[in-house]
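A look at the structure
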Amino acid sequence: MELRNNWSYPTAMRFGAGRISEIGEACAVAGISKPLLVTDKGLATMDITTRTLDLLEAAGLGRAMFSEVDANPTEINLDAGLKVYRDGGHDGVVAFGGGSGLDLGKMVAFMAGQTRPVWDYEDVGDWWTRADADAIAPIIAVPTTAGTGSEVGRASVLTNSETHVKKIIFHPKVLPTVVICDPELTVGMPKHITAGTGLDAFAHCVEAFSSPHYHPMSQGIALEGMRLVIDYLPRAYADGTDIEARAQMMSAAAMGATAFQKGLGAIHAMSHPIGAVFNTHHGTTNAVCMPAVLDLNESMIRERFDRAAGYLGINGGYDGFRAFVQDFNDSFAIPRKLSEMGVTADRMDDLVAMALEDPSCGGNPVTLTSDNLRKLFEATI
Ligand SMILES: [Fe+2]
């Protein structure tokens with residue numbers, strides 16, 4: 001079966017190897033005639049980026065790029081990007097990259113026509129209605145990793161450079177107008193990034209699947225997303241040029257982010273503050289946290305994983321799945337403890353307080369308290 005198609009949900013998606021060649025056409029569909037490509041510093045000089053700029057130029061769309069984007073993008077990156085966008089007279093954004101490039105690109109398009117500070121649009125209640133929806137510029141999203149799924153998300157994560165707290169900025173129109181999923185763009189990812197980003201997708205699916213909220217559509221997507229990661233991440237890790245594995249992982253990433261509309265949970269509630277304080281890799285951090293979170297939630301999720309395990313090709317129901325997760329982590333050389341990634345216990349009080357405030361808490365099957373979060377951090381650090 002050729003892994004190539006056009007999908008109309010959650011947005012217009014052009015999926016398949018080589019489809020970055022359609023970037024000019026995608027801009028036309030979105031009504032963009034002078035795009036600004038936003039990506040991170042690391043990607044700025046890579047071949048896939050140069051090739052994409054060449055394609056834009058060949059389509060008469062210029063080759064403007066902004067790449068002053070940190071691994072955890074801040075409002076300082078955003079302000080610099082907005083200045084380039086406005087000074088250049090751009091009319092849309094090509095958000096290009098992993099989570100950093102995609103998230104900041106989406107924020108540049110969102111804030112291009114707003115007048116209030118970005119923090120006023122945090123994902124709290126109906127704060128998003130404060131934005132002028134007509135002033136949001138169109139977005140084309142082009143993922144170059146397979147993990148975050150930000151290409152199909154209606155929010156971005158932005159780190160406050162003063163407080164080091166990660167905030168989620170949300171607006172329904174931040175959903176990209178067109179997504180190009182071209183697995184060939186991911187073949188150059190180093191092994192540890194393939195593993196870390198792939199396990200982020202896995203955590204999205206596992207947490208969405210575990211969340212108690214009623215959302216059967218997300219439940220189905222999360223289940224198939226878990227299967228794709230289990231079947232194809234080992235192949236993508238072993239051979240980065242395995243296009244079938246890269247394609248299936250790119251699907252799993254988009255599926256994870258689609259599914260987590262249903263909710264995330266303690267893995268992300270822990271991982272956000274750890275990443276903000278210790279600057280660890282998000283997906284890798286999630287992977288280290290997952291076993292302890294499964295243990296905390298066991299009584300609430302046992303039955304649904306008993307049912308899922310067979311479909312996932314795992315014997316032994318929930319217990320088989322729990323054992324599988326540790327073996328899966330080990331097979332990608334994921335540390336067993338966060339201390340191996342530079343995380344220390346001296347900021348424990350801050351970590352617990354920040355985790356309790358994290359919006360991901362709402363989707364965890366067991367209600368999170370400072371008590372059980374402290375135990376989770378103690379078990380994981
Ligand atoms: Fe994540």
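Residues numbered from 1 in each chain as written. Predicted model: local features only at pLDDT ≥ 70, side-chain atom pairs only at ≥ 80, totals over all residues. Heavy atoms only, no water.

Only D200 (OD), H204 (NE2), H268 (NE2) and H282 (NE2) from the protein reach the iron ion as donors, at distances of 2.1 to 2.3 Å. The site at the iron ion holds four donor atoms, and with the angles between them running 84 to 169°, its shape is irregular. (Donors = N, O, S within 2.8 Å, 3.2 Å for Na, K, Ca; no water. Tetrahedral: all angles 85-135°; square planar, octahedral: opposite > 155°, others 65-115°.)

Moving on, we get to the domain arrangement of the protein chain. By the assigned domains, the protein chain splits into domain 1 (5-185) and domain 2 (189-380). Every contact between the two is made by 24 residues of domain 1 and, on the other side, 23 residues of domain 2. For the pair domain 1 and domain 2, the two sides together bury roughly 1,800 Å², of which 69% comes from carbon and sulfur. Broken down residue by residue, the surface that domain 1 buries against domain 2 is led by A146, K166 and P183, which jointly contribute 28%. Applying the counting rule to domain 1 against domain 2 returns zero salt bridges. For the interface between domain 1 and domain 2, the tally reads one residue pair in polar contact (both at pLDDT 80 or more). Those elements that provide at least two residues to the side of domain 1 that touches domain 2 are β2 (12-15) and β8 (166-170). (Domains from an automatic or database assignment. Contact = heavy atoms within 4.5 Å. Buried area = accessible area lost by both parts, 1.4 Å probe. Salt bridge = Lys/Arg side-chain N within 4 Å of Asp/Glu carboxyl O. Polar contact = N/O pair within 3.5 Å; in protein donor to acceptor, adjacent residues only side chain to side chain. Helix = DSSP H or I, 4+ residues; strand = E, 2+ residues; numbered from the N terminus.)

Moving on, we get to the packing of helix α6 (residues 191-210) against helix α9 (residues 266-278). The relative placement of two packed helices comes down to the angle between their axes together with the axis-to-axis distance. Put simply, α6 and α9 touch, their axes get as near as 9 Å, and they point 140° apart. Looking at the two axes, α6 sits oblique to α9. Residues D200, A203, H204 and E207 of α6 form the contact with α9, whose own contacting residues are A266, I267 and H268. Partitioned by chemical class, the residues of the contact of α6 with α9 number three nonpolar, two polar and two charged. (Axes fitted to C-alpha atoms, helices over the stretch in contact; angles between N-to-C directions. Parallel < 35°, antiparallel > 145°, perpendicular 65-115°, else oblique. Nonpolar A, V, L, I, M, F, W, Y, C, P; charged D, E, K, R; others polar.)

Each pocket or cavity is described by its volume, and for the second largest pocket that value is around 530 Å³. Forming the boundary of the second largest pocket are 23 residues, of which W7, F15, L228, S251 and M255 lie nearest the centre. Taken together, the elements giving at least two residues each to the lining of the second largest pocket come down to β1 (5-7), β2, α7 (216-238) and α8 (243-259). The element contributing the most residues to the lining of the second largest pocket is α7, with six residues. In terms of residue class, the lining of the second largest pocket is made up of 13 nonpolar, six polar and four charged. The two domains that each donate at least three residues to the lining of the second largest pocket are domain 1 (5-185) and domain 2 (189-380). (1 Å grid on protein atoms, 1.4 Å probe; cavity = no way out; pocket = protein on both sides within 12 Å on 5 of 7 lines; lining within 4 Å. Points joined across faces, edges and corners; volume = space filled by probe spheres on them.)

Note that H268 resides in helix α9. Of the polar contacts made by the side chain of H268, one reaches the side chain of H204; its length is 3.1 Å.

Glancing now at unusual backbone geometry. In this chain, Y9 is followed by P10 through a cis amide linkage whose omega measures 5°. A positive phi is found at A333, a non-glycine position, where the angle reads about 60°. For A333, a relative accessible area of 61% corresponds to the exposed category. (Buried < 20%, exposed > 50% of the residue type's maximum accessible area, 1.4 Å probe, protein only.)

Another aspect to go through is helix α3 (residues 47-58). Over its 12 residues, α3 runs 16 Å from end to end, which matches the ideal 16 Å to within 8%, given 1.5 Å per residue. The elements touched by buried residues of α3 are α1 (23-30), β3 (35-38), α2 (41-44), β4 (65-66) and β5 (92-97). Positive phi appears at G60, one or two residues downstream of α3, with a value of about 75°. (Expected span 1.5 Å × (residues − 1).)

As a further point, take empty space enclosed by the protein. One simple way to see leftover space: roll a probe sized like a water molecule over the atoms. Tallied over the full model, the rule gives two cavities of 30 Å³ or more. A volume near 60 Å³ is recorded for the largest cavity. Residue lining of the largest cavity: V206, E207, S210, G265, I267, M290, V293, L294, N297, I301, N364 and P365, and that is the complete set. Only α6 and α10 (282-311) provide two or more residues apiece to the lining of the largest cavity. Tallying contributions element by element places α10 first for the lining of the largest cavity, with five residues. When the residues that make up the lining of the largest cavity are grouped by side-chain class, the tally is seven nonpolar, four polar and one charged. What lines the second largest cavity is A146, T186, M189, T194, T197, G198, L233, R246 and M249.

The strand order across the open sheet built from seven strands is β1-β2-β9-β6-β5-β3-β4, with neighbouring strands paired in mixed fashion. On the outer flanks of this sheet lie β1 and β4, each paired with one strand and no other. For β1 and β2, the ladder comprises three bridges, and the chain directions are antiparallel. Bridge pairing links W7 to M13 in β2. Packed on one face of the sheet, α8 meets β1, β2, β6 (139-143) and β9 (178-181) and runs near 165° to β2. (Pairing = 2+ DSSP bridges.)

Here the focus is the UniProt feature "domain: Alcohol dehydrogenase iron-type/glycerol dehydrogenase GldA" (unreviewed entry) in the protein chain. Under the feature "domain: Alcohol dehydrogenase iron-type/glycerol dehydrogenase GldA" (unreviewed entry), the UniProt entry names residues 10-183. The distance separating the terminal C-alpha atoms of residues 10-183 is 19 Å; by composition the span is 29% helix and 20% strand. (UniProt positions renumbered as here; feature names shortened; annotations may be inferred.)

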